[in-house]
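Report on the structure
Each chain, letter by letter, is given below.
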Amino acid sequence: MKDVYLITSGPHVHSTDSIPRVMYSVVLALLPAVAVSILFFGAAALMMYAISIITCIAAEAACQKIMKRPVTVTDGSVLITAILLAMNLPPSAPWWLVVVGSLTAVVLGKQVYGGLGYNPFNPVLVARVVLLISFPVQMTNWVSPAPLFSGIDMVSMATPLGEIKTELLTTGAIDLARYNYFDFTVGFMGGSLGEMSVIALLLGALFLLYRGYITWHIPVTYIGTVFVLTGIFWMYDPTSFANPVFHVLAGGLVLGAFFMATDMVTTPVSPRGMVIFGLGCGILTVVIRLFGGYPEGVAFSILLMNAATPIIDRYTVPRKFGYTRPDEAGGAS
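How each quantity is defined
- Each residue is numbered by its place in its chain's sequence as written, counting from 1.
- Local features in a predicted model are, by the rule used here, given only for residues with pLDDT of at least 70; side-chain atom pairs are given and counted only at 80 or more, and totals for whole chains, interfaces and linings are based on all residues.
- Side-chain descriptors were evaluated using all non-hydrogen atoms of the structure, hydrogens and water having been removed beforehand.
- Only DSSP runs of H or I with at least four residues qualify as helices, and only runs of E with at least two residues qualify as strands; both kinds are numbered from the N terminus onward.
- Whether a residue is buried, partly exposed or exposed follows from its accessible area with a 1.4 Å probe, protein chains only, as a fraction of its type maximum: under 20%, in between, or over 50%, in that order.
- Residue contacts are defined here by distance: any two heavy atoms, one from each residue, within 4.5 Å place the two residues in contact.
- The method behind every accessible area is Shrake-Rupley, applied with a 1.4 Å probe, and residues are considered shielded solely by the protein chains displayed.
- For our purposes a nonpolar core is just a set of buried Ala, Val, Leu, Ile, Met, Phe, Trp, Tyr and Cys residues, chained together by side-chain atoms within 4.5 Å.
- To define axes, lines are fitted to C-alpha atoms, for helices over the stretch in contact only, and angles between the resulting N-to-C directions are given on a 0 to 180 degree scale.
- Oblique is the label for any angle not under 35 degrees, not over 145, and not in the 65 to 115 range, which are roughly parallel, roughly antiparallel and roughly perpendicular in turn.
- Take the far helix as the reference: if the near one is turned anticlockwise from it by less than a right angle, the crossing is left-handed, and if turned clockwise, right-handed.
- Ring geometry is summarised as follows: Phe, Tyr and Trp rings, the Trp one being its six-membered ring, pair when their centres sit within 6.5 Å, and such pairs are stacked at plane angles under 30 degrees, edge-to-face over 60 and tilted between the two.

1. With respect to the overall build of the chain
In terms of regular secondary structure, the chain is built from 13 helices and 0 strands. Starting at the N terminus and ending at the C terminus, the chain contains elements arranged as α-α-α-α-α-α-α-α-α-α-α-α-α. A total of 333 residues make up the chain; the buried ones form 49% of that total. Considering only contacts within the chain whose residues lie at least 6 apart along the sequence, 73% involve residues at least 24 apart. If you sum the accessible surface of the chain, you get close to 16500 Å²; carbon and sulfur atoms cover 70% of it.

In structure tokens form, the structure reads like this:
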């Protein structure tokens, strides 16, 4: 009997990873930040996570049933969507806002395109922007942290980015002396549920980097670009522009850079493309924060760069072995 050789096309890569394994690893990485948000906002935060998870799972299952697709709510992807959506909402968000956001993320941001792997935009950020445009009052009603079991009621307060934006418009100058940057890293500041604690977010990010589920290219380029550009403006006029450390720690930059700008579906596939993507996100974030009417620019910048991902991939994906572009070979390939 002659030997039989099976010839297949590459790549021949063996891996124990699967979609559920990757997705639940991301969920695990988000848990430190989830715990901090519940610690600082108590039952309100816990209720928001519960409503978001239930609504997102129900919406995805219903969409897949209606479209006659396999129901895949157990793969963990919709759980990530639900958790990140709650993290992008103010702690004071009413229950119906969480429901509307969950339906928007799953139905309009994901399922209408064909489900996981086909959506061109990050579903969570699609929902956040839709909610911000449709319900600006509820989406900008920030409250101060009230630690769990402390008995302290949550009171309204502005986010640090919002405060300096308002201060600049009213007085023509900003004063950062009142801010303690350690508070930003721990969680004592106003903002969305998920942007409270930089330390908790970095713990989760380090886990994903260690597992190889994300790479350094987008987060480092994104945060580095914001740091350098805001540093230039700050050195030019420190009375009108906040310093780069403030811009990195305040707001949703760390959350966006590590957990949303690194979305495998909506970002470039090559390292060079990722660097371009992170650079674009950083530039857009700085432009919106410093010169736009909205104090935060992370969501808008990532969505705009999601739209640019196909063209980035077109010009940065490594060339196939033996392939020559037509413009380099007189039309031959």
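2. Details of the nonpolar core
Core analysis: the largest hydrophobic core is formed by 80 residues, its most contacted members being Tyr49, Leu84, Met87, Tyr222, Phe246, Phe259 and Ile302. For this core, the leading source of residues is helix α1 (residues 19–66), giving 16 residues. Excluding anything up to four places from it in sequence, Tyr49 contacts Val34, Ser37, Ile38, Ile83, Ala86, Met87 and Leu193. One finds Ala59, Val78, Ala82 and Val106 within the second-largest nonpolar core, a separate group that totals 5 residues.

3. Section: the packing of helix α3 (residues 95–108) against helix α4 (residues 123–134)
A pair of packed helices is captured by two measures, namely the crossing angle of their axes and the spacing between those axes. Contact geometry of α3 with α4 gives a least axis separation of 8 Å together with a crossing angle of 135 degrees. As judged from the angle between their axes, α3 and α4 are oblique. The two elements α3 and α4 cross, and the hand of that crossing is right-handed. Where α3 approaches α4, its residues Leu97, Val100, Gly101, Thr104 and Ala105 are matched on the opposing element by Pro123, Val124, Ala127, Val130 and Leu131.

4. Brief notes about the packing of aromatic side chains
Here the structure, examined in full by the defined rule, presents 7 aromatic pairs. An angle of 45 degrees between the planes, with centres 5.2 Å apart, marks the rings of Phe233 and Phe241 as tilted. Phe233 sits in the partly exposed class, given a relative accessible area of 25%. Centroid distance Tyr294 to Phe300: 5.8 Å. Interplanar angle 85 degrees. Geometry classified as edge-to-face. A relative accessible area of 26% places Phe300 in the partly exposed class. Through successive ring pairs, a cluster of aromatic residues spans Tyr179, Tyr181 and Phe246.

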